[in-house]
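Understanding the architecture of this molecule
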Amino acid sequence: MAFTYFDTAHAITVHDEIINRSGGALGILNVGLLESVIEHVQNDFYYPELEHKLTHLFFSINKNHSFQDGNKRASIVLSAYFLEINNCSFRVERFIAEMENVAVDVADNRIDKDLLFEIINSIIYEDDYSEELKLKIIYAKSFTKNSF
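Residues numbered from 1 in each chain as written. Predicted model: local features only at pLDDT ≥ 70, side-chain atom pairs only at ≥ 80, totals over all residues. Heavy atoms only, no water.

The next subject is helix α1 (residues 8–22). Given 3.6 residues per helical turn, the α-helix brings residues three or four places apart onto the same face. For α1, with 15 residues, the first-to-last C-alpha span of 21 Å sits near the 21 Å given by 1.5 Å per residue. If you check which residues of α1 are buried, you get T8, A11, V14, H15, I18 and I19. End-on view of α1: buried residues confined to an arc of 135°, all on one side of the axis. Summarising the geometry of α1, the exposed residues directed more than 90 degrees from the buried face are T13, N20 and R21. Buried positions along α1 lie against α2 (31–40) and α4 (71–85). One or two steps after α1, the chain reaches G23, where phi turns positive at roughly 95°. (Helix = DSSP H or I, 4+ residues; strand = E, 2+ residues; numbered from the N terminus. Expected span 1.5 Å × (residues − 1). Buried < 20%, exposed > 50% of the residue type's maximum accessible area, 1.4 Å probe, protein only. Arc of directions from axis to C-beta. Contact = heavy atoms within 4.5 Å.)

Structure below.
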């Protein structure tokens, strides 16, 4: 499958629009980190399938703090846009709804990249989370990695 990508300028424009609409501080802290994410997601060797690319994109924008503010919001919107431009617009509404809570848990280190992959994979390919995945999410939200 050939994927469609967006560039750094688009990501910055989208971020700035998010900030202008919902508040926060404009500005980029590290454009190199943002460029790196957008470049790496295009590597089919490391990220061969849509769910791998989307997980890396979401996780990295959320965690790398390329922007002064709005990294969680940008991770949701840019990832939803990635779904849309790759013929998965039918999953965008559910993706946004689910990821609003997930974004906070990723930022707070309650959901790691492996669990995020499972969540994204489920959103793309299933109509609801499996019972096993629901339990993993509940467990992750209940305990932080440093609580033991």
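Moving on to empty space enclosed by the protein. For the structure shown, the criterion picks out 1 cavity of 30 Å³ or more. Looking at the largest cavity, its volume works out to about 40 Å³. Along the walls of the largest cavity sit Y5, F6, I38, V41, Q42, L57 and F82, which together make up its complete lining. Partitioned by chemical class, the residues of the lining of the largest cavity number 6 nonpolar, 1 polar and no charged. (1 Å grid on protein atoms, 1.4 Å probe; cavity = no way out; pocket = protein on both sides within 12 Å on 5 of 7 lines; lining within 4 Å. Points joined across faces, edges and corners; volume = space filled by probe spheres on them. Nonpolar A, V, L, I, M, F, W, Y, C, P; charged D, E, K, R; others polar.)

Turning our eyes to something else, we now look at unusual backbone geometry. Phi at H65 takes a positive value of approximately 55°, unusual for a residue other than glycine. Looking at the secondary structure, you find H65 in the loop between α3 (50–64) and α4.

Looking now at the packing of α4 against helix α5 (residues 92–107). Running from N to C, α4 and α5 cross one another at 145°; their axes reach a closest spacing of 9 Å. When the axes of α4 and α5 are compared, the crossing they make is right-handed. For the pair α4 and α5, the contacting residues are K72, S75, I76, S79, A80, L83 and E84 in the first and V92, F95, I96, M99, E100, A103, V104 and A107 in the second. In the contact of α4 with α5, the residues fall into 10 nonpolar, 2 polar and 3 charged. (Axes fitted to C-alpha atoms, helices over the stretch in contact; angles between N-to-C directions. Left-handed = near helix turned anticlockwise from the far one by under 90°.)

Let us now look at the packing of aromatic side chains. According to the stated counting rule, one finds 6 aromatic pairs in the structure shown. A ring pair is formed by Y5 and F82, whose centres lie 5.9 Å apart and whose planes are at 35°; its orientation type is tilted. Placement of the pair is Y5 in the segment before α1 and F82 in helix α4, with a sequence separation of 77 residues. We classify Y5 as partly exposed; its relative accessible area is 25%. Here Y46 and Y47 contribute two aromatic rings whose centre-to-centre distance is 6.4 Å and whose plane-to-plane angle is 50°, an arrangement assigned as tilted. (Phe/Tyr/Trp six-rings, centres within 6.5 Å; stacked < 30°, edge-to-face > 60°.)

Here N71 shows up in helix α4. Separated by 3.3 Å, the side chains of N71 and H65 make a polar contact. A polar atom in the side chain of N71 sits 3.4 Å from the backbone nitrogen of S66. Residues within four places of N71 in sequence aside, it is in contact with I61, N62, H65 and S66. (Polar contact = N/O pair within 3.5 Å; in protein donor to acceptor, adjacent residues only side chain to side chain.)

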